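# Notes for the structure review
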Amino acid sequence: MNSLQIEEQAILAAREAGALIRQKCGRAAQTIVKSNDYDLVTEVDKACEELIRRRLAEQAPTHHILGEEGVAPGSAASAQAVEESRDAEVLWIIDPIDGTTNFIHGFPNSVVSIGVAQRGELLVGVIYDPFRDEMFTARRGEGAFLNGERLSVSKEATLQESVLATGFPVDTKGARAINMRGMQALAPTVRNFRALGTAALHLAYVAAGRLTGFWEMDLNAWDLSAGSLLIQEAGGRVTDTRGVEYHLGVRHIAATNGLVHDDLLRVLVESRATGYEAE
Ligand code: IPD
Ligand code: CA
Ligand code: CA
């Protein structure tokens, strides 16, 4: 399968799962607690992942799959699962619903995120927002697109002009507190913040020039891989919060239009908001 065919399959899979998300938003029958009371999953997350897995079993049976719902809860297990699969010949990295808390509350902001890597290098990224019917797609070296229209990142050159997004990680005492420290430090200088409750949608919006940048602690490859390729292909920059170029193991993400990247990192470093103390 070449990257175009992989992209086609990812688009079909994302549309199929997206239809279910749209139909069931706010109507999940049961909510299951994962690593803690704030880390949630529903039967629809599992059904969406199952749909995608079934398609891949038919269309690409030799490809490996790293799907959020196939991994044990918690940061350590997630990091280990990424480590174990990142060298696979072809690896599909799937977040069947990014924005599960929104989904449970009927707040219509959840997406499907699918990244496909070849021996650790991202080849394809697809993020689908079923509520706006927006399909964000990228293939390495071929640019990033929204419903077929080419995307490029925004042109703000200073933090003063920037709208930055972030999230509120499920680890309330650790990662969420560090993230809040970063917000506190950035607050006096940025134009404003947005927090939509889905990391993948934030990344897609940076690629589309709707947000200047996004940062957040303790995310997983399934939150980040597709969106990172979209931003790179739209002319932006993606690193960890200390400036290391994006790779599948990155958990603390900083993703911008490129122009404000160093300024964002500087504020995060100065406010000790780049990660856990022990790292
Ligand atoms: C979550 C979302 C959210 C972010 C959390 C993630 P999920 O993913 O991306 O925006 O703040 O840290 O865990 O659980 O909805 O797939
Ligand atoms: Ca997620
Ligand atoms: Ca998810």
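Residues numbered from 1 in each chain as written. Chains lettered and ligands numbered in written order. Predicted model: local features only at pLDDT ≥ 70, side-chain atom pairs only at ≥ 80, totals over all residues. Heavy atoms only, no water.

Time to look at the coordination of the calcium ion (ligand 3). Every protein donor of the calcium ion (ligand 3) is accounted for by Glu 68 (OE), Asp 95 (OD) and Ile 97 (O), and the metal-donor separations fall at 2.2 to 2.3 Å. Donor residues binding the calcium ion (ligand 3) come from one chain and are separated in sequence as E-x26-D-x1-I. Here the calcium ion (ligand 3) and the calcium ion (ligand 2) are spaced 3.7 Å apart, and both take Asp 95 as a donor. Here Glu 68, found in the loop between β3 (64-67) and α3 (75-85), pairs with Ile 97, found in strand β4 (residues 90-98); they are 29 residues apart in sequence, far enough to count as distant. (Donors = N, O, S within 2.8 Å, 3.2 Å for Na, K, Ca; no water. Helix = DSSP H or I, 4+ residues; strand = E, 2+ residues; numbered from the N terminus.)

Time to look at the domain arrangement of the protein chain. Segmenting the protein chain into domains produces domain 1 (3-150) and domain 2 (159-270). Taking the mean C-alpha position of each, domain 1 and domain 2 sit 19 Å from one another. Contacts between the two partners involve 45 residues from domain 1 and, on the opposite side, 32 residues from domain 2. Both faces considered, domain 1 and domain 2 share a buried interface measuring about 2,800 Å² in area, 64% of it formed by carbon and sulfur atoms. For the domain 1 face of the interface with domain 2, the top three residues by lost area are Leu 122, Ile 127 and Phe 136, together amounting to 18%. Here Glu 134 ties to Arg 210 by a salt bridge, and the two come within 2.9 Å at their closest N and O atoms. Linking domain 1 to domain 2 there are ten residue pairs in polar contact (both at pLDDT 80 or more). Those elements giving two or more residues to the side of domain 1 that touches domain 2 turn out to be α3, β4, β5 (111-118), β6 (121-129), β7 (134-139) and β8 (143-146). If you tally residues by element for the side of domain 1 that touches domain 2, the top one is β6, at seven residues. (Domains from an automatic or database assignment. Contact = heavy atoms within 4.5 Å. Buried area = accessible area lost by both parts, 1.4 Å probe. Salt bridge = Lys/Arg side-chain N within 4 Å of Asp/Glu carboxyl O. Polar contact = N/O pair within 3.5 Å; in protein donor to acceptor, adjacent residues only side chain to side chain.)

Another aspect to go through is the sheet that holds β7. Two strands in a sheet stick together by hydrogen bonds in their backbones, pointing the same way (parallel) or opposite ways (antiparallel). Strand order in the open sheet formed by seven strands is β3-β4-β5-β6-β7-β8-β9, with mixed pairing between adjacent strands. Where the open sheet ends on each side, the last strands, each with one partner, are β3 and β9 (149-150). In the sheet, β7 pairs with β8 via four bridges, with the strands oriented antiparallel. For Thr 137, the partnering residue across the bridge sits in β8 and is Phe 145. Strand contacts of helix α1 (residues 3-24): β4, β5, β6 and β7, with the helix running at about 30° to β6, the strand carrying the most contacts. (Pairing = 2+ DSSP bridges. Axes fitted to C-alpha atoms, helices over the stretch in contact; angles between N-to-C directions.)

Helices that pack against each other are described as a pair by the angle of their axes relative to one another and the distance between those axes. Running from amino to carboxyl end, α1 crosses helix α2 (residues 43-59) at an angle of 155°, the nearest separation of the two axes being 10 Å. As the angle between them shows, α1 and α2 are arranged roughly antiparallel. Note on packing geometry: the crossing formed by α1 with α2 is right-handed. Contact with α1, carried on its side by Gln 9, Leu 12, Ala 13, Glu 16, Ala 17, Leu 20, Ile 21 and Lys 24, involves Val 44, Ala 47, Cys 48, Leu 51, Ile 52, Arg 55 and Gln 59 of α2 and no other residues of that element. Here the residues of the contact of α1 with α2 are counted per class, giving ten nonpolar, two polar and three charged. (Parallel < 35°, antiparallel > 145°, perpendicular 65-115°, else oblique. Left-handed = near helix turned anticlockwise from the far one by under 90°. Nonpolar A, V, L, I, M, F, W, Y, C, P; charged D, E, K, R; others polar.)

Spatially, β11-β10-β12-β14-β13 is the arrangement adopted by the five strands of the open sheet, whose pairing is mixed. Two strands close off the open sheet at either side, each with one partner strand: β11 (192-194) and β13 (237-240). Along the sheet, successive strands turn relative to each other by an average axial angle of 20°, direction set aside. Across two bridges, strand β10 (residues 163-165) lies against strand β12 (residues 213-216) in parallel orientation. Across the sheet, the residue bridging to Ala 165 is Phe 214, located in β12.

As a further point, take the packing of aromatic side chains. Aromatic ring pairs are reported here in terms of the distance separating the ring centres and the angle at which the planes meet. Summed over all chains, the structure comprises two aromatic pairs. Taking the centre distance of 6.3 Å and the plane angle of 55° together, the rings of Phe 136 and Tyr 205 count as tilted. In this pair, Phe 136 is assigned in strand β7 and Tyr 205 in helix α6 (residues 199-207), connecting sequence segments 69 residues apart. There is no split in this pair, since Phe 136 and Tyr 205 are both buried. Judged by centre distance (6.0 Å) and plane angle (55°), the ring pair of Phe 193 and Trp 215 falls under tilted. A residue pair is termed long-range when its members are at least 10 positions apart, and Phe 193 in strand β11 and Trp 215 in strand β12 qualify at 22 residues. The same class applies to Phe 193 and to Trp 215, which are both buried. Here the basic side chain of Arg 210 rests over the ring of Tyr 205, its NZ or CZ set 4.8 Å away from the ring centre. (Phe/Tyr/Trp six-rings, centres within 6.5 Å; stacked < 30°, edge-to-face > 60°. Buried < 20%, exposed > 50% of the residue type's maximum accessible area, 1.4 Å probe, protein only. Lys NZ or Arg CZ within 6 Å of the ring centre and 35° of its normal.)

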